[in-house]
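A look at the structure
So you can see what is in the structure, the chains are spelled out below.
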Amino acid sequence: MKTEGKVYLQLGADPKIDGEEQGCLFVVSTPIGNLEDITLRALRVLQEVDLIAAEDTRRTAKLLSHYNIQKQTVSYHDYNKARRTPDLLRKLRSGVQIAVVSDAGTPGISDPCYYLVRRAIDAGISVIPIPGPTAAISAVVVSGLPTDRFVFEGFLPKAEGRCRTRLFELSTERRTVILYESPHRLVKHLRMMLEVWGDRKMVLARELTKRFEDVQRSTISRFVEQYQDVRPKGEFVLIIEGASEEREKKRRCCPKS
Ligand code: SAM
């Protein structure tokens, strides 16, 4: 029998923990690019659970095949989460062990896993984290911007008005700000940031752990220039330095500076 903190697990043959009849929901982190970025524990859990709920079953199939894991997967995405969740909860209640994985990284960080975790907790199911990579943390630790305090804001709202409001709310934020960004909205959002916040140090972390990994440390205005004629490609994390009182004062008295 293997020990998992205070929980004794023996998945597969005897899928019971601490004498409970119910299954557990394992929230399993998977690589954000490089397939080697997965823990031994994650591989074991994926091997031993009865079912994997995956945001993108094709992407998960690649990971599983790389590690020779043959397991039933079921799609669990934003568009089907409301429909899929009751069935997963029913299975968990009847003793089925389930792992949930997202497209990449840690489930629940800007993906539909939160919905399932919340409902599993409400149903009295044990929810167990299997930690691993997440793009936000990988990016902030190499950014060179302060990491003692930071705030993760996920994606900015798509609608322009709501996005501007969010940027205004963040304009006095002193902590380092981490944002996820799609390549299609990058330029538009960089321009809005420059307008609302003024110029600041910024780090663009692109395609982390992948073949074309690229971390650029510069300023918002430089990135606006850089992407004027070049179409951004790939996955981005933006790390922005927090507000400083001095810069705010300067902006208030001479907004064009
Ligand atoms: N759950 C994931 C995590 O733990 O990071 C995030 C999922 S979210 C739907 C996808 C976004 O994460 C991308 O649009 C991008 O902003 C960021 N991202 C994911 N993988 C990345 C990578 N390899 N390099 C840079 N950013 C990445």
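**Focus: helix α6 (residues 160-170)**
Restricting attention to buried positions, one finds in α6 the residues Cys163, Leu167 and Leu170. Each buried residue of α6 lies within a common arc of 65° when the element is viewed along its axis, so the set occupies one face. Turned more than 90 degrees away from the buried face of α6, the exposed residues are Arg162 and Glu169. Looking at the packing, one finds that the buried side of α6 touches β8 (150-155), β9 (176-181) and α7 (186-197).

**Comments concerning unusual backbone geometry**
Of note in the backbone geometry, Ser110 takes a positive phi value of approximately 55° without being a glycine. Not every positive phi belongs to a glycine, and Thr209 is a case in point at roughly 70°. Structurally, Thr209 is set in the loop between β10 (201-206) and β11 (214-219).

**Notes on the site of the ligand**
Every one of the 20 residues lining the ligand counts as a neighbour, but Thr106, Thr134, Tyr180, Leu208 and Phe236 are closest to it. Here Glu207 contributes a backbone N or O atom positioned 3.5 Å from a nitrogen atom of the ligand. Across the complex, the protein chains shield 91% of the 570 Å² of accessible surface that the ligand would expose by itself. Its atoms largely coinciding with the cavity grid, the ligand occupies the largest pocket. Elements represented by at least two residues in the shell around the ligand include exactly β9 and β12 (236-240). Counted by class, the shell around the ligand contains 10 nonpolar, five polar and five charged residues. The two domains that each donate at least three residues to the shell around the ligand are domain 1 (2-130) and domain 2 (135-253).

**Concerning the packing of aromatic side chains**
What the rule picks out here adds up to three aromatic pairs. With a centroid separation of 5.0 Å and an interplanar angle of 70°, the aromatic rings of Phe152 and Tyr180 are classed as edge-to-face. Linking Phe152 in strand β8 with Tyr180 in strand β9, this pair joins segments that are 28 residues apart in sequence. By relative accessible area, which is 31% here, Phe152 ends up partly exposed. What makes Tyr180 buried here is its relative accessible area of 10%. Here the aromatic residues Phe152, Phe155 and Tyr180 are joined through ring pairs into a cluster of three or more. Residue placement shows Arg119 over the ring face of Tyr115; its charged tip is 3.6 Å from the ring centre.

**Some remarks on the packing of helix α3 (residues 81-93) against helix α4 (residues 113-122)**
Contact pair α3 / α4: the axes reach a minimum separation of 10 Å and the direction vectors enclose 40°. For the crossing formed where α3 meets α4, the hand is right-handed. Contacts between α3 and α4 involve Lys81, Ala82, Thr85, Leu88 and Leu89 from the former and Tyr115, Leu116, Arg119 and Ala120 from the latter. Within the contact of α3 with α4, the residues separate by chemical class into six nonpolar, one polar and two charged.

Conventions and cut-offs
Residues numbered from 1 in each chain as written. Predicted model: local features only at pLDDT ≥ 70, side-chain atom pairs only at ≥ 80, totals over all residues. Heavy atoms only, no water. Buried < 20%, exposed > 50% of the residue type's maximum accessible area, 1.4 Å probe, protein only. Helix = DSSP H or I, 4+ residues; strand = E, 2+ residues; numbered from the N terminus. Arc of directions from axis to C-beta. Contact = heavy atoms within 4.5 Å. Near = heavy atom within 4 Å. Polar contact = N/O pair within 3.5 Å; in protein donor to acceptor, adjacent residues only side chain to side chain. Areas by Shrake-Rupley, 256 points an atom, 1.4 Å probe, with all protein chains shown as cover. 1 Å grid on protein atoms, 1.4 Å probe; cavity = no way out; pocket = protein on both sides within 12 Å on 5 of 7 lines; lining within 4 Å. Sits in = over half its atoms within 2 Å of the grid points. Nonpolar A, V, L, I, M, F, W, Y, C, P; charged D, E, K, R; others polar. Domains from an automatic or database assignment. Phe/Tyr/Trp six-rings, centres within 6.5 Å; stacked < 30°, edge-to-face > 60°. Lys NZ or Arg CZ within 6 Å of the ring centre and 35° of its normal. Axes fitted to C-alpha atoms, helices over the stretch in contact; angles between N-to-C directions. Left-handed = near helix turned anticlockwise from the far one by under 90°.

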